[in-house]
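As a plain string of letters, each chain reads:
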Amino acid sequence: MSSPPVPSIGLRRLAGRMLAAAAALTIGLAASSAQAQETFRVGIVTFLSGPAAESFGVPARHGAEFLIEQLNRGAAPAPYNQVGFGGMRIEPIIVDENGGATKQVQELRNLYQRENVDAVVGYISSGDCLAVAPVAEELKKFLILFDCGTPRIFEDASYRYVFRTSAHATQDNVALARYMRARNINAGTFSMINQDYAWGQDSRSDFVAAMQQLYPQATANADLLPKFGAGQYGTEISALARANSNVIYSSLWGGDLQAFILQGAPRGVFQRSQLVLSAADHVLQPLGERMPNGTIIGARGAYGLMSADTPLNRWFFDGYSQARGGVYPVQAAYRVTQALLGLKAAVEKAMAANGGKKPTPEQLADALRGLEWDSPGGLIQMKLGNGHQAIQTMAIGRTRWDAARRQVVIEDIQRFAAECVNPPANMRSQDWIKAGFPGAKCDTPGN
Amino acid sequence: MSRTVLVLVAAGLMAALLLIGLALPRWLLFLVTLAASHGIVSVGILVIMRGGLVSFGQGLVFAIGGYAAALSFTQLGITDVIVLILIGTAAAALVGAAVGPLLARYTGIFFGMLTLALSMVAYGVLIKSPAVGGSDGFNIPRGTLFGVRLEGAGGDYALYALAILVTGIAATAVALHTRSARGLMTRAIHGNGLRVEYLGTSVQSVMAINFTIAAALGGLGGALTIVALGHIEPTFAFWTQSGEFVFVAILAGSHSVTAVFIASLALELVRSFSNLYFPNTWQMALGLFLLAIILFLPAGIGSLWAGRRKASPSSGGETP
């Protein structure tokens, strides 16, 4: 391993230049943060690469970019028509979430301490959310988690500076089971296929618990846990075909879900069993007519084709579709939008209280705690976790390929009130389901 | 460099870094803390690599050290970070001592694959263990040092100082070891293992001990990481994590222990800034950086200073 002659002089000069460039960059940054008075810097962390990028990360980025551009022009409808956040221009700093929790903790510190952002909105992966929440708390900086699903964040700990502006994953499966019950779907036997990691395992146990309440006679057949990112489901599809259950439940998402559907459809399993998916609106556009008709799907909220027809939603849906060349917004774009609108509402509420100054993290936290605001996906209410965890309206529907419009449409949509599918503030999700949904308010389905 | 000089230089370097730390911004303190705690794992790889083997499974001991320390915190209520680091190091060393003799029977790609397999088994088990948080892992609150809770700017500096001192002392010990008779034997094994056997030394036992040392260093790095990070998850044992450790070792080259820390720091800095300035192509920026190092410094960053001195045939040891 003796080293060959190395052009060390040139390299050193290069290293020197790189150092100088780095120094210049740092100085430039320092200068730009000096005039941060008129701008509000928001760090946005979302998957730009990796398996979750196509389904969630990039749509979330597009949603954020669309909304921030509109807000900075003051072009959003009332009550969001003030420019930026309370008159301050919004300056987004977008960071890739890919790379694991260690990297996220480091990057979050960099955003707060090096880039001097005023708030961070981000995180799709539950593992990342769990890892970063205590860091923001320790640094006393404002953090909004916008998408991750695990109920553990505010059920296992309490925070002052950390919020989640969308409902956690419990409502996805409770609403799914309620929908099946309401439509009298025959579910005497059911099989399940979920990824073998936290999201899949948690979704599976929520669904099983909800089924035990609503379908106490039902028996579970196949219970499959392929590994995350498996891509090949031949064995699992054979097992599902053999089980021949009334219902096949799955919490697969993204590329895994597409692969499962593409590989399962030719073998007819979805004709013999009713397919039920907890989060699938993000695959409707990529799959198109290959999406099996009559599939019961959720979208983790009343999003996309299942969203309510309000002026705010019409503005968002049409504006986003136009900006993205006809691709309509789905789950992740809605979720980042409701997070940013919540942040806007909190900033403006805090500024009204402090005489128009840029709010401190403490003032922001006080303003957002327990707040309610309208979003394209419906009313967001910070009701759980001492006012740090949102609940929201949920929707479930059935897919159908519309040949005339050349797109999958969703029919038979049923919306569930937030308090019908979410636990009350004083209960953990799993306990609430197992106790038979005490305190659930389902009187107004509002179909 | 004589041993006394080496120890003096190391002590001077650590003192200088502690002073510099007083002037560093907090984000950089944290970045250096993590770079040091990852770097020490790669130092472990260096110990094995000097014998001509590469472990692709250091994530295993990294995770064991991390989980042992984290569980001691959450389950046993031990909050002192120095005790936690000792527990992590000891746990990983124990595992290293148990599997080391088995692994030492293999050479080349078989050794690498076996270590990789072991770490992936650990990963699989951790993913399926909801009791320790499954794939999401779990959080560890900030620990204490001599009864004082490590928080705020002072806490960040204390962790930085701890990381510099602990990894500095461990790395100095490794540097001394590589200059000892047993340490030099490792180089001889790299040159010609068969000849070493004929000279009356057990290659297996040397490599088993090397593996145990590497495991202890891995556990040390893991424990230090979770103390600073406050979170642990199964990806600690995933092959990409192990690969990163190998990468830092290759980046540094096998000439110098200091180079490992420089390589680790460089990797963290490049990743951090490319992530910010090229959010869509940061992996590519990272790749180009690594490619540049391989092209222009094939013997590693350490060859910038250590390689030239070692170039004389008397101390090279590579030629059989």
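Parameters and conventions
- Residues numbered from 1 in each chain as written.
- Chains lettered and ligands numbered in written order.
- Predicted model: local features only at pLDDT ≥ 70, side-chain atom pairs only at ≥ 80, totals over all residues.
- Heavy atoms only, no water.
- Pairing = 2+ DSSP bridges.
- Helix = DSSP H or I, 4+ residues; strand = E, 2+ residues; numbered from the N terminus.
- Axes fitted to C-alpha atoms, helices over the stretch in contact; angles between N-to-C directions.
- Contact = heavy atoms within 4.5 Å.
- Disulfide = S-S within 2.5 Å.
- Buried < 20%, exposed > 50% of the residue type's maximum accessible area, 1.4 Å probe, protein only.
- Buried area = accessible area lost by both parts, 1.4 Å probe.
- Salt bridge = Lys/Arg side-chain N within 4 Å of Asp/Glu carboxyl O.
- Polar contact = N/O pair within 3.5 Å; in protein donor to acceptor, adjacent residues only side chain to side chain.
- Core = buried A, V, L, I, M, F, W, Y, C linked by side-chain atoms within 4.5 Å.
- Right-handed = clockwise from strand over helix to strand, strands pointing away.
- pLDDT = per-residue confidence, 0-100.

Draft legend 1. Spatial organisation of the sheet that holds strand 14 (residues 394-402) of chain A. Residue and element names in this part refer to chain A. Spatially, the seven strands line up as an open sheet ordered 7-6-8-9-10-14-15, and their pairing is mixed. Both outer strands of the open sheet, strand 7 (219-224) and strand 15 (407-416), are each paired with one neighbouring strand and no more. Across the sheet, the mean angle separating the axes of adjacent strands is 25° when strand polarity is ignored. In the packing of helix 6 (residues 170-182) onto the sheet, the strands contacted are strand 8 (247-250), strand 9 (274-277), strand 10 (296-298), strand 14 and strand 15, and the crossing angle to strand 14 comes to about 65°.

Draft legend 2. Region of the structure containing the state of the cysteines. Residues and elements named next belong to chain A. For the structure on display, the rule yields two disulfides over all chains. Note that Cys-129 is cross-linked by a disulfide to Cys-148, the S-S spacing being 2.1 Å. Taking the torsion about the sulfur-sulfur bond, which here is approximately -100°, the covalent link between Cys-129 and Cys-148 counts as left-handed. Residue Cys-129 is found in helix 4 (residues 126-139), and its partner Cys-148 is found in the loop between strand 4 (143-145) and helix 5 (152-155); the two are separated by 19 residues along the sequence. Exposure class is identical for Cys-129 and Cys-148. Each is buried. What pairs with Cys-420 in a disulfide is Cys-442, and their sulfur atoms sit 1.9 Å apart. Since a negative S-S torsion denotes a left-handed disulfide, the Cys-420-Cys-442 link at about 90° is right-handed. In this pair, Cys-420 is assigned in helix 15 (residues 418-421) and Cys-442 in the segment after helix 16 (429-434), connecting sequence segments 22 residues apart. According to the relative accessible area criterion, Cys-442 is partly exposed, its value standing at 27%. Taken in sequence order, the bonded cysteines of chain A link in the pattern 1-2, 3-4.

Draft legend 3. Representation of the interface of chain B and chain A within the structure. Taken together, the contact between chain B and chain A spans 42 residues of the former and 44 residues of the latter. Interface area, chain B with chain A, both sides summed: about 3,700 Å², of which 54% is carbon and sulfur. Three residues, B:Trp27, B:Asp136 and B:Leu276, lead the burial of chain B against chain A; their summed loss comes to 16% of the area buried on that side. Put simply, chain B and chain A have three salt bridges between them. Between B:Lys128 and A:Asp196 there is a salt bridge whose closest N-O contact spans 2.3 Å. The tally of links between chain B and chain A comes to 15 residue pairs in polar contact (both at pLDDT 80 or more).

Draft legend 4. Summary view of the nonpolar core. Ranked by internal contacts, the top residues of the largest apolar core, which has 96 residues, are A:Leu108, A:Val120, A:Tyr123, A:Leu143, A:Leu145 and B:Ile40. The element best represented in this core is helix 2 (residues 26-49) of chain B, accounting for 10 residues. In this structure, A:Tyr123 is in contact with A:Val45, A:Glu97, A:Gln104, A:Leu108, A:Asp128, A:Cys129, A:Val132, A:Leu143, A:Leu145, A:Phe146, A:Asp147 and A:Cys148, ignoring residues within four places of it in sequence. In this structure, A:Leu48, A:Ala52, A:Tyr197 and A:Leu224 belong to the second largest nonpolar core, which totals 92 residues.

Draft legend 5. Summary view of the pairing of strand 3 (residues 119-122) of chain A. All names here are of chain A. Residues Ala-119 and Val-121 line one face of strand 3 and the alternating positions Val-120 and Gly-122 line the opposite face, and both faces are buried. Strand direction decides the pairing type here: strand 3 and strand 4, joined by three bridges, are parallel. From the neighbouring strand, Gly-122 faces strand 4, where its bridge partner is Leu-145. Handedness of the crossover joining strand 3 and strand 4 through helix 4: right-handed.

Draft legend 6. Representation of the pattern of salt bridges in the model. Throughout the structure, instances matching the rule amount to 31 salt bridges over all chains. Where A:Asp118 meets A:Lys358, a salt bridge forms, and the shortest distance between an N and an O atom there is 2.9 Å. Taken as a pair, A:Asp118 in the loop between helix 3 (101-114) and strand 3 and A:Lys358 in the loop between helix 13 (331-354) and helix 14 (361-368) lie far apart in primary sequence, 240 residues in all. For B:Asp156, the salt bridge goes to B:Arg142, with nearest N and O atoms at 3.2 Å. With B:Asp156 in helix 6 (residues 152-179) and B:Arg142 in the loop between strand 1 (138-139) and strand 2 (144-145), this residue pair connects regions lying 14 residues apart in the sequence. Just as B:Asp156 is buried, B:Arg142 falls in that class too. Each of the salt bridges in this network shares a partner with another, and the network as a whole consists of A:Arg109, A:Glu138, B:Arg26, B:Arg142 and B:Asp156.

Draft legend 7. Region of the structure containing the pairing of strand 7 of chain A. All names here are of chain A. Here strand 6 (residues 189-193) runs beside strand 7; their pairing, made up of four bridges, is parallel. Counted as the bridge partner of Phe-190 is Ala-220 from strand 7. Viewed along the sheet, the connection from strand 6 through helix 7 (residues 198-214) into strand 7 turns out right-handed.

Draft legend 8. Fine view of the side chain of A:Gln414. Examined against the element boundaries, A:Gln414 turns out to sit in strand 15. Here the side chain of A:Gln414 touches A:Arg183 through a polar contact of 3.0 Å, side chain to side chain.

Draft legend 9. Highlighting the confidence of the model for chain A. Residues and elements named next belong to chain A. Of the residues in chain A, 91% have a pLDDT of 70 or more, and the chain-wide mean is 87. Per-element confidence in chain A is highest for strand 4, whose mean pLDDT is 95, and lowest for helix 1 (residues 8-34), whose mean pLDDT is 46. Confidence over residues 1-15 falls short of pLDDT 50; this stretch has 13 contacts with residues more than four positions distant or in other chains. Below pLDDT 50 for its whole length, residues 24-36 participates in six contacts with residues either more than four positions away or in separate chains.

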